[in-house]
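# Architecture at a glance
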Amino acid sequence: SRGADRAVLLAHGAGADMHAAALTVVADALAAAKIPCLRFQYPYRGAGKKAPDRPAVLAAATRAAAEELSRRSKLPSSRLVLGGRSMGGRYCSLVAGDADDPVPCLGLLLLGYPLHAAGKPERERSEHFPRLKMPVLFVSGTRDALASKPALARAARKVKGPKTFHWIETGDHGFRPLKASGLTIDAVLAEVAAASVDWVRGLPG
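Residues numbered from 1 in each chain as written. Predicted model: local features only at pLDDT ≥ 70, side-chain atom pairs only at ≥ 80, totals over all residues. Heavy atoms only, no water.

## Let's talk about unusual backbone geometry
Even without being glycine, serine 86 reaches a positive phi, approximately 45°. Relative to the helices and strands, serine 86 is located in the loop between β3 (80-85) and α4 (87-96). The phi dihedral of threonine 170 is positive, around 65°, even though this residue is not glycine. With respect to the element layout, threonine 170 can be found in the loop between β6 (163-168) and α6 (185-202). (Helix = DSSP H or I, 4+ residues; strand = E, 2+ residues; numbered from the N terminus.)

## Some thoughts on the packing of helix α3 (residues 55-73) against α4
The contact between α3 and α4 brings their axes to 9 Å, and the two run at 80°. In terms of orientation, α3 and α4 fall into the roughly perpendicular class. The residues of α4 that touch α3, namely those facing Pro55, Leu58, Ala59, Thr62 and Arg63, are Met87, Tyr91, Cys92 and Val95. For the contact of α3 with α4, the per-class residue count stands at seven nonpolar, one polar and one charged. (Axes fitted to C-alpha atoms, helices over the stretch in contact; angles between N-to-C directions. Parallel < 35°, antiparallel > 145°, perpendicular 65-115°, else oblique. Contact = heavy atoms within 4.5 Å. Nonpolar A, V, L, I, M, F, W, Y, C, P; charged D, E, K, R; others polar.)

## Some remarks on the sheet that holds strand β5 (residues 136-141)
Hydrogen bonds between backbone groups are what pair the strands of a sheet, and the pairing can be parallel or antiparallel. Strand order across the open sheet formed by six strands is β2-β1-β3-β4-β5-β6, with parallel pairing between neighbours. Each edge of the open sheet carries a strand with a single partner, namely β2 (37-40) and β6. Averaged over all pairs of adjacent strands, the angle between strand axes in this sheet comes to 15°, irrespective of strand direction. In terms of strand pairing, strand β1 (residues 7-11) meets β3 through five bridges, oriented parallel. Paired with leucine 9 across the strands is leucine 82, a residue of β3. Lying on the sheet, α3 is in contact with β1, β2 and β3; it crosses β2 at an angle near 145°. Running over the sheet, α6 touches β1, β3, β4 (107-111), β5 and β6 and is turned about 170° from β6. (Pairing = 2+ DSSP bridges.)

## Remarks on the nonpolar core
By size, the foremost hydrophobic cluster in this structure holds 38 residues, and its most contacted members are Leu9, Tyr42, Leu82, Leu108 and Phe138. Elements supplying a minimum of two residues to this core: β1, β2, α3, β3, α4, β4, β5 and α5 (149-156). The residues touching leucine 82, leaving out its near neighbours within four places in the chain, are Leu9, Ala66, Cys92, Val95, Val103, Cys105, Gly107, Leu108 and Leu109. Formed by 25 residues, the second largest nonpolar core is a distinct cluster that contains Ala27, Leu109, Val139 and Val192. (Core = buried A, V, L, I, M, F, W, Y, C linked by side-chain atoms within 4.5 Å. Buried < 20%, exposed > 50% of the residue type's maximum accessible area, 1.4 Å probe, protein only.)

Pasting the structure below:
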């Protein structure tokens, strides 16, 4: 069988690990679509700690995981989609948009991008967005306390590459919908996975 021409890195969020539901459901959907995928633990999680590693450690671990996926999939970095949940997706975007040594990639899959820390909407984490020249998919809930829909849409204008948004109606930062929406978390995660796979599949070959 012909080898896959793309592969996806999925990094976990700060309060979770690689077994988080959103990552597991997306990874399963990628596997069903025959797209190789790699999930990994940041060092602090591997050590059983709650608080994330320092930024330099998180960035280095993200780079190492991308190299590992390259090795396993026998694909150059430029054929990899880098992404993940919240903090993990953010660090993928930081290494892809690094001013000195950017990691080339096919695209960025940002599931619940944390535009700001809890309660600090005035300090946006988007300084590196103008250096993102690759396609970017933002999958976010419309009730995300770390990235309001208008603020994220506005910040994303700075991204130089093609941008796609998939909004989860009434979803919070963890994609959890309001009961009144009639949606279940399982239905929402299936939607996140389908949107992610469709977008990854549609990236240039």
